[in-house]
Amino acid sequence: MLSSQSLSITNESKQDSEYNKICEDYKHMLKTLPKGNGWRVQHLYNYNGFWLDSDTLKTNMILNTYFKTQPTDIFLASFMKTGTTWLKALMFSIINRHRYTFSDHYLHHHGPQSTFPLIDSEIYPVNDFTHINAPRLFATHYARDILPLCMTSCKFVYICRDPKDVLTSKWIFMSKLRSKDLTPLLLGEAFELFCQGVSEYGPYWEHVLSYWRASLESPDKILFMKYEDMKKQPKVELKKLAAFLGNPFTLEEVEKGVVEEIVRLCSFENLSKLEVNKKGVERFGKLVEVEKRDFFRKGEIGDWRNYLSKEMKDRIDGIFDEKLKGSGLVLTSRD
Ligand code: A3P
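The structure reproduced in this document is the subject of the present report.

Cut-offs applied
Residues numbered from 1 in each chain as written. Predicted model: local features only at pLDDT ≥ 70, side-chain atom pairs only at ≥ 80, totals over all residues. Heavy atoms only, no water. Helix = DSSP H or I, 4+ residues; strand = E, 2+ residues; numbered from the N terminus. Buried < 20%, exposed > 50% of the residue type's maximum accessible area, 1.4 Å probe, protein only. Contact = heavy atoms within 4.5 Å. Lys, Arg positive; Asp, Glu negative; His and termini not counted. Charge placed at Lys NZ, Arg CZ, Asp CG, Glu CD. Core = buried A, V, L, I, M, F, W, Y, C linked by side-chain atoms within 4.5 Å. Expected span 1.5 Å × (residues − 1). Polar contact = N/O pair within 3.5 Å; in protein donor to acceptor, adjacent residues only side chain to side chain. Pairing = 2+ DSSP bridges. Axes fitted to C-alpha atoms, helices over the stretch in contact; angles between N-to-C directions. Salt bridge = Lys/Arg side-chain N within 4 Å of Asp/Glu carboxyl O. Near = heavy atom within 4 Å. Areas by Shrake-Rupley, 256 points an atom, 1.4 Å probe, with all protein chains shown as cover. Arc of directions from axis to C-beta. Disulfide = S-S within 2.5 Å. Phe/Tyr/Trp six-rings, centres within 6.5 Å; stacked < 30°, edge-to-face > 60°. Lys NZ or Arg CZ within 6 Å of the ring centre and 35° of its normal. 1 Å grid on protein atoms, 1.4 Å probe; cavity = no way out; pocket = protein on both sides within 12 Å on 5 of 7 lines; lining within 4 Å. Points joined across faces, edges and corners; volume = space filled by probe spheres on them. Nonpolar A, V, L, I, M, F, W, Y, C, P; charged D, E, K, R; others polar.

1. Some words on the overall build of the protein
No. 1: A count of helices and strands for the protein gives 13 helices and 9 strands.
No. 2: Structurally, the protein occupies a C-alpha span of about 65 × 50 × 45 Å along its principal axes.
No. 3: For the protein, buried positions account for 53% of its 335 residues.
No. 4: The long-range share in the protein, meaning contacts at least 24 apart out of those at least 6 apart in sequence, stands at 71%.
No. 5: Each charge class in the protein was averaged separately, 47 positive and 44 negative side chains, and the resulting centres sit 1 Å apart.

2. Topic: the nonpolar core
Here is a general trend for soluble globular proteins: nonpolar side chains tend to be buried in one another's company.
No. 1: Among the nonpolar cores identified, the biggest contains 108 residues, and Met91, Tyr204 and Leu241 are the most heavily contacted of them.
No. 2: The greatest single-element share of this core, amounting to 8 residues, is contributed by helix H3 (residues 84-95).

3. Observations concerning helix H5 (residues 163-177)
Three or four residues apart is the spacing at which side chains of an α-helix point the same way, because the helix has 3.6 residues per turn.
No. 1: With 15 residues, H5 should reach 21 Å at 1.5 Å per residue; the first-to-last C-alpha distance of 20 Å fits that figure.
No. 2: With a side-chain oxygen positioned 2.8 Å from the backbone nitrogen of lysine 164, the residue opening H5 is aspartate 162.

4. Considerations on the sheet that holds strand S3 (residues 50-52)
No. 1: The strand order S1-S2-S3 describes an open sheet built from 3 strands, whose pairing is antiparallel. Among the strands making up the open sheet, the edge pair consists of strand S1 (35-37) and S3. Averaged over all adjacent pairs, the angle separating strand axes in this sheet is 40°, with direction ignored.
No. 2: Of the pairings in the sheet, the one linking strand S2 (residues 43-47) to S3 comprises 3 bridges and is antiparallel in character. Residue pairing across strands places tyrosine 47 opposite phenylalanine 50, the latter belonging to S3.

5. Considering the pattern of salt bridges
No. 1: Overall, the coordinates contain 21 salt bridges when judged by the stated rule.
No. 2: For the salt bridge of aspartate 162 with lysine 164, the shortest nitrogen-to-oxygen distance reads 3.1 Å.
No. 3: Since its relative accessible area comes to 2%, aspartate 162 is described here as buried.
No. 4: The shortest N-O distance in the salt bridge between lysine 235 and glutamate 260 comes to 3.3 Å. A residue pair is termed long-range when its members are at least 10 positions apart, and lysine 235 in helix H9 (residues 234-244) and glutamate 260 in helix H11 (residues 258-265) qualify at 25 residues.
No. 5: Shared partners join several salt bridges into a network, and the residues in it are Asp162, Lys164, Lys313 and Asp317.

6. Looking at the site of the ligand
No. 1: Taken together, 18 residues lie near the ligand, and Thr84, Thr85, Ser169, Arg297 and Lys298 sit nearest.
No. 2: For the ligand, an oxygen atom lies 2.6 Å from a polar atom in the side chain of threonine 84.
No. 3: Calculation on the ligand without its partners gives an accessible area of 560 Å², and the protein chains cover 97% of this total.
No. 4: When residues of the shell around the ligand are traced back to their parent elements, those giving at least two are H3 and helix H12 (268-273).

7. Quick word on helix H13 (residues 310-323)
No. 1: Compared with the 20 Å implied by 1.5 Å per residue over 14 residues, the 20 Å span of H13 between its first and last C-alpha is a close match.
No. 2: Of all the positions in H13, only Met312, Lys313, Ile316, Asp317, Ile319 and Phe320 are classed as buried. All buried residues of H13 fall inside an arc of 160° around its axis, so they share one side. Exposed positions of H13 whose direction lies more than 90 degrees from the buried face are Lys310 and Glu311.

8. Quick look at the state of the cysteines
No. 1: One pass over the full model with this rule turns up 0 disulfides.
No. 2: Considering cysteine sulfurs only, cysteine 154 is the nearest to cysteine 150, which forms no disulfide, with 7.0 Å between them.
No. 3: We note that cysteine 160 lacks a disulfide partner, and the nearest cysteine sulfur, in cysteine 195, lies 18 Å from it.

9. Topic: the packing of aromatic side chains
No. 1: In total, this model carries 25 aromatic pairs according to the counting rule given.
No. 2: For the ring pair tyrosine 100 and tyrosine 106, a centre distance of 5.9 Å and an interplane angle of 50° mean the geometry is tilted.
No. 3: Across the ring face of phenylalanine 156, the terminal group of arginine 144 is positioned such that the distance to the ring centre comes to 5.0 Å.
No. 4: One residue, lysine 164, lies across the ring of tryptophan 304, its end atom 5.1 Å from the ring centre.

10. Structural notes on the pairing of strand S7 (residues 222-226)
No. 1: The element S7 is largely enclosed, with a buried count of 4 among its 5 residues.
No. 2: Note that strand S6 (residues 155-160) and S7 share 5 bridges and pair parallel. Across the sheet, valine 157 pairs through a bridge with leucine 223, a residue of S7.

11. Some points on empty space enclosed by the protein
No. 1: Per the stated rule, a full pass over the model turns up 1 cavity of 30 Å³ or more.
No. 2: Counted as a void, the largest cavity has a volume near 40 Å³.
No. 3: Lining the largest cavity are Thr85, Gly111, Pro112, Gln113, Asn277, Glu282, Lys292, Phe295 and Phe296.
No. 4: Considering only residue class, the lining of the largest cavity consists of 3 nonpolar, 4 polar and 2 charged.

12. Overview of the sheet that holds S6
No. 1: Taken in spatial order, the 4 strands of this open sheet run S5-S4-S6-S7, and their pairing is parallel. Sheet topology places strand S5 (137-140) and S7 at the edges, where each strand pairs with a single neighbour. Recorded for the sheet is a direction-independent mean angle of 20° between the axes of neighbouring strands.
No. 2: Bridge count for strand S4 (residues 74-78) against S5 is 4 bridges, and the pairing is parallel. The partner of isoleucine 74 across the bridge, within S5, is leucine 137.
No. 3: In this fold H3 packs onto S4, S5, S6 and S7, with an angle of close to 160° to the strand it touches most, S4.
No. 4: Against the sheet, H9 makes contact with S6 and S7, and its axis sits at roughly 165° relative to S7, the strand it touches most.

From the geometry alone we can't say anything about function, so treat these as descriptive.
Below, the structure is given as structure tokens:
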């Protein structure tokens, strides 16, 4: 019989060999997968239908081998620039509403990014998150189709947004992060890439559809939200979100104005003016540093009008109408 020490050595060497195998497969993939132009770094790789940069590709492979879910885990899934920061703040505030007062809240001292981890940028298997209390919250930008299978039995909140605002917001954001070794990405180039689906975690339409279809199949497991609905009727959407998370607001809380307090705390106007969100950087993985203030730009519906021409608008609307035809989902604003 193996002693516990030799068992742990056996497990470790099994893990090492698994890890080495992933690294080998990853190197092979970088040489063989279709390549496209990146927005932040030079290349994206088409991995099972989705465009990822080399780091998020490797993390995805590692996650698929190592990530272990717990039945109570809840994931926030989103395409970049669709409202992740906002939803992080809201989900954290709902789940933890008995731990903080609204006059001295965690979010007054820490940015929304720090509320729970983005698994796409974590280092595995070093960080296994077993120290986090249940229910554990995680964020991810990966499309549903390339998530580890074990995750798909957990609850998901998905947020989407009009593609024209996503393109505009993402182009501005990625231009700030773009490697200085590369020539700047012009809006026209970003537009063409976006229309071809070549954009980190994209195509955007496939990303949305992957969660939309799953939400139709399992509405109790996936809450599908829209940025525009959140802006137009935040209290209604917040109540839906709280109920889905298993923490519905009580009548007493509603009467005491807790819903309004959370909406106000997590509003763009409030978060963007807090000192903690104006200074310093947020680190994602080893290499990516983002100025905290860059997570808060305008927070409006329809700012694309200041960037996209009528022809660009018509082309994007046409592409998304076509791709989403028959799905029952409309993403593009009609006005
Ligand atoms: P804009 O660039 O259009 O202003 P993400 O968090 O997924 O990166 O999305 C960022 C977008 O959400 C940015 O959009 C940002 O300004 C906006 N945003 C950030 N916090 C917000 C909030 N509390 N309420 C509404 N929008 C917010």
